[in-house]
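# An overview of the molecular structure
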Amino acid sequence: MKILQLCKKFPWPQKDGESVAINTLSRGLAANGVVIDLLAMNTAKHFTRVDSDVLLCLSQYRKVKWVPINNQLRPIEALRSLIEGSSYHIKRFISSDFSDSIKELLLGDDYDVILLESLYMIPYLDVLKQNSQAKIVLRSHNIEFEIWDRLAENNKNPLQRWYLKKLAKSLKNYELEQLNNVDYLLPISEIDHQKYIDYGYKGRILTLPLGLDLSQYPYKKWLRKTKNIEVGFIGSLDWMPNVEGLNWFLSEVLPQLKKRFGNKIRVHLAGRNMPDYIKAKACDNIVIHGEVDHAIDYINQFPYFIVPLFSGSGMRVKILEAMALGKVVLSTSLGIEGIPATADKEFLLADTKEDFIHSFSRIIEGQLGCDIIGRNAASFMEDNFSTKIISEKLIRFLEEITYALPQYPKKLK
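Conventions we followed
Residues numbered from 1 in each chain as written. Predicted model: local features only at pLDDT ≥ 70, side-chain atom pairs only at ≥ 80, totals over all residues. Heavy atoms only, no water. Helix = DSSP H or I, 4+ residues; strand = E, 2+ residues; numbered from the N terminus. Polar contact = N/O pair within 3.5 Å; in protein donor to acceptor, adjacent residues only side chain to side chain. Contact = heavy atoms within 4.5 Å. Phe/Tyr/Trp six-rings, centres within 6.5 Å; stacked < 30°, edge-to-face > 60°. Core = buried A, V, L, I, M, F, W, Y, C linked by side-chain atoms within 4.5 Å. Buried < 20%, exposed > 50% of the residue type's maximum accessible area, 1.4 Å probe, protein only. Pairing = 2+ DSSP bridges. Axes fitted to C-alpha atoms, helices over the stretch in contact; angles between N-to-C directions. Right-handed = clockwise from strand over helix to strand, strands pointing away. Parallel < 35°, antiparallel > 145°, perpendicular 65-115°, else oblique. Left-handed = near helix turned anticlockwise from the far one by under 90°. Arc of directions from axis to C-beta. Salt bridge = Lys/Arg side-chain N within 4 Å of Asp/Glu carboxyl O. Expected span 1.5 Å × (residues − 1).

### Comments concerning the side chain of Gln178
The residue Gln178 is located in helix 8 (residues 158-178) in this model. At a separation of 2.9 Å, a polar atom in the side chain of Gln178 contacts the side chain of Asn181. Among all residues touching Gln178, those that are not within four sequence positions of it are Ile122 and Leu125.

What follows is the structure, given as structure tokens:
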């Protein structure tokens with residue numbers, strides 16, 4: 001089987017959930033004998049200097065192609081889209097150069113499957129269908145408009161709230177209009193699976209969670225060497241939901257924790273494109289790490305991780321990575337959404353300021369078996385989110401839709 005994978009960003013380095021998701025799946029497919037080629041946008045926002053070392057890291061691919069895309073925000077274009085009611089989110093990823101690269105690859109090879117990584121590859125459906133007979137499969141990392149809808153709901157500034165609502169509406173219109181132009185859909189969670197059906201999707205659908213190569217996530221029992229509670233946070237801080245949640249935690253939760261426990265709880269912050277105003281918050285109980293080279297090494301330094309997320313959609317990769325490493329994750333309901341873990345068994349649920357304070361009180365007072373929760377989390381990952389399980393599930397599905405004989409109606413006698 002030959003697959004062409006189309007991505008809206010170059011999937012290296014693996015410093016965000018989308019890049020991890022793209023790499024783990026492609027490696028899993030390649031390990032099962034699938035020939036897979038990559039065509040990715042190399043955007044101004046997430047530009048990667050591709051050299052021989054980077055290509056060596058992407059050796060699971062037979063071919064790696066990339067197209068530079070300047071999709072930086074243009075206020076005049078954004079205003080025009082707002083007036084038209086069209087989705088500026090989508091327009092920013094439409095490129096004639098990328099379309100030409102698609103044609104070039106399709107003319108040079110016969111692919112069985114074209115895998116679209118996210119909604120932002122939908123504008124290229126026409127060129128794909130005109131130049132290939134391959135099955136087109138959309139892998140949905142999240143329901144895109146929900147992210148902006150939830151950001152709008154949580155925003156207290158009336159003007160910003162109105163603008164975010166307009167963005168969400170135009171994106172929703174596009175997403176739902178295009179939904180049934182895709183024959184095969186791979187939502188990342190059972191929750192998204194049901195939502196797509198409720199939104200009217202009529203094609204074949206398979207829930208395909210993100211998988212991790214668990215051999216890269218060695219479980220390490222935490223040996224408490226100090227009386228302090230070391231807490232980690234990691235996330236891309238050019239993504240609005242992460243910024244929103246972290247700001248809330250630093251302004252609403254951490255001052256109360258400090259008032260109650262002094263500097264006993266110390267929070268470590270890491271993430272790409274960290275704003276200067278967050279860096280300026282460094283103090284005795286806030287340690288700034290900025291962008292880290294190796295997320296796994298960073299996560300493995302701390303026994304606890306917070307995910308104070310109130311917007312967004314899909315599945316949080318950093319939660320899966322922390323759980324795979326046996327960490328105790330304190331997450332909101334939305335943060336853990338799509339991950340069928342059990343509160344107080346495999347993670348700690350905290351939706352409010354009071355919930356976070358109560359959870360940390362239980363940790364400090366020894367009321368929780370945190371080692372047990374960490375072990376449970378690692379076992380949960382082995383049972384549900386290993387790359388081997390996920391990639392084999394996808395291959396069975398792709399073989400079924402690709403090689404199944406057509407069903408002809410029976411002739412009447």
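### Overview of the packing of aromatic side chains
Each aromatic ring pair is specified by the distance between its two centres and by the angle formed by the two planes. Scanning the model with the defined rule gives 12 aromatic pairs in all. Through pairs of rings, three or more aromatic residues link up here, namely Trp248, Phe249, Phe310 and Phe356.

### Some words on the nonpolar core
If you look at the biggest cluster of nonpolar residues, it comprises 43 residues, and the most contacted ones within it are Leu6, Phe98, Ile102, Leu116 and Leu128. The residues touching Leu116, leaving out its near neighbours within four places in the chain, are Leu6, Met121, Ile122, Leu125, Leu128, Ile136, Val137, Leu138 and Arg139. Of all hydrophobic cores here, the second largest spans 34 residues; its members include Ala21, Tyr298, Ile299 and Leu320.

### Thoughts on the sheet that holds strand 4 (residues 113-117)
In a beta sheet, neighbouring strands pair by backbone hydrogen bonds and run either parallel or antiparallel. Strand order across the open sheet formed by seven strands is 3-2-1-4-5-6-7, with parallel pairing between neighbours. Each edge of the sheet is formed by a strand with only one pairing partner; in this case those strands are strand 3 (64-69) and strand 7 (204-205). Where strand 1 (residues 2-7) meets strand 2 (residues 35-43), six bridges bridge the pair, whose relative direction is parallel. Within strand 2, the residue paired with Cys7 across the bridge is Ala40. Of the strands in this sheet, strand 1, strand 2, strand 3 and strand 4 are in contact with helix 5 (residues 96-108), which crosses strand 2 at around 165°.

### Section: the pairing of strand 2
Burial within strand 2 is extensive, with eight of its nine residues counted as buried. Of the crossover connections in this fold, the one passing from strand 1 over helix 1 (residues 17-31) to the parallel strand 2 is right-handed. Sheet topology note: the strand 2/strand 3 ladder contains six bridges and is parallel. Considered in strand 3, the bridge of Met41 is made with Val67. Taken together, strand 2, helix 2 (residues 52-57) and strand 3 form a β-α-β motif whose crossover is right-handed.

### Section: the environment of Tyr201
Assignment of secondary structure puts Tyr201 in the loop between helix 9 (190-198) and strand 7. Given a relative accessible area of 5%, Tyr201 falls into the buried group. Residues Tyr201 and Cys283 lie 82 residues apart in sequence; the distance between their C-alpha atoms is 50 Å. With near-sequence residues (within four places) excluded, Tyr201 lies in contact with Leu179, Asn180, Val182, Asp183, Tyr184, Leu185 and Tyr196. Separated by 2.9 Å, the side chain of Tyr201 and the backbone oxygen of Asp183 make a polar contact. Within the structure, the side chain of Tyr201 is placed 3.3 Å from the backbone oxygen of Arg204, a separation counted as a polar contact.

### Structural notes on the packing of helix 1 against helix 16 (residues 387-403)
The interhelical angle for the contact between helix 1 and helix 16, taken along N-to-C directions, is 70°, at an axis separation of 9 Å. It follows that helix 1 is roughly perpendicular to helix 16 by the angle criterion. For the element pair helix 1 and helix 16, the recorded crossing hand is right-handed. Facing Thr24, Leu25, Gly28 and Leu29 of helix 1, the residues of helix 16 in contact are Thr387, Ser391, Leu394 and Ile395.

### Here we look at the pairing of strand 4
For strand 4, the tally of buried residues reaches five of five residues, placing the bulk of the element in the interior. Residues Val113, Leu115 and Glu117 of strand 4 are buried on one face, and the alternating residues Ile114 and Leu116, pointing to the opposite face, are buried as well. For strand 1 and strand 4, the ladder comprises five bridges, and the chain directions are parallel. Note on strand 4: the bridge partner recorded for Leu4 is Ile114. One ladder, built from five bridges, connects strand 4 with strand 5 (residues 135-140); its direction is parallel. The residue bridging Val113 from the neighbouring strand is Lys135, located in strand 5.

### Let's talk about helix 9
Residues of helix 9 that are buried include every one of Asp192, His193, Lys195 and Tyr196, and no others. Relative to the axis of helix 9, the buried residues are bounded by an arc of 165° and lie together on one face. Along helix 9, the residues that are exposed and aim more than 90 degrees away from the buried face are Glu190 and Asp198. Looking at the buried residues of helix 9, the elements they touch are strand 5, helix 7 (144-154), helix 8, strand 6 (184-187) and strand 7. After helix 9 finishes, the residue Gly200 shows a positive phi value of roughly 105°.

### A short note on the pattern of salt bridges
Using the criterion set out here, one finds 24 salt bridges in the structure. Of the charged contacts in the structure, one is a salt bridge between Arg62 and Asp109, with a shortest N-O distance of 2.4 Å. With Arg62 in the loop between helix 2 and strand 3 and Asp109 in the loop between helix 5 and strand 4, this residue pair connects regions lying 47 residues apart in the sequence. Through salt bridges with shared partners, a single ionic network connects Lys2, Asp37, Arg62, Lys63 and Asp109.

### Remarks on helix 16
Each α-helix winds once per 3.6 residues, and so residues spaced three or four apart point in a common direction. The terminal C-alpha atoms of helix 16 lie 23 Å apart, and with 17 residues this matches the ideal 24 Å at 1.5 Å per residue to within 8%. Of all the residues in helix 16, the buried ones are Thr387, Ile390, Ser391, Leu394, Ile395, Phe397, Leu398, Ile401 and Thr402.

### Some remarks on the environment of Leu105
Here Leu105 lies in helix 5. Exposure remark for Leu105: the relative accessible area of 7% places this residue in the buried category. Along the primary structure Leu105 and Leu39 are separated by 66 residues, whereas in three dimensions their C-alpha atoms are 8.7 Å apart.

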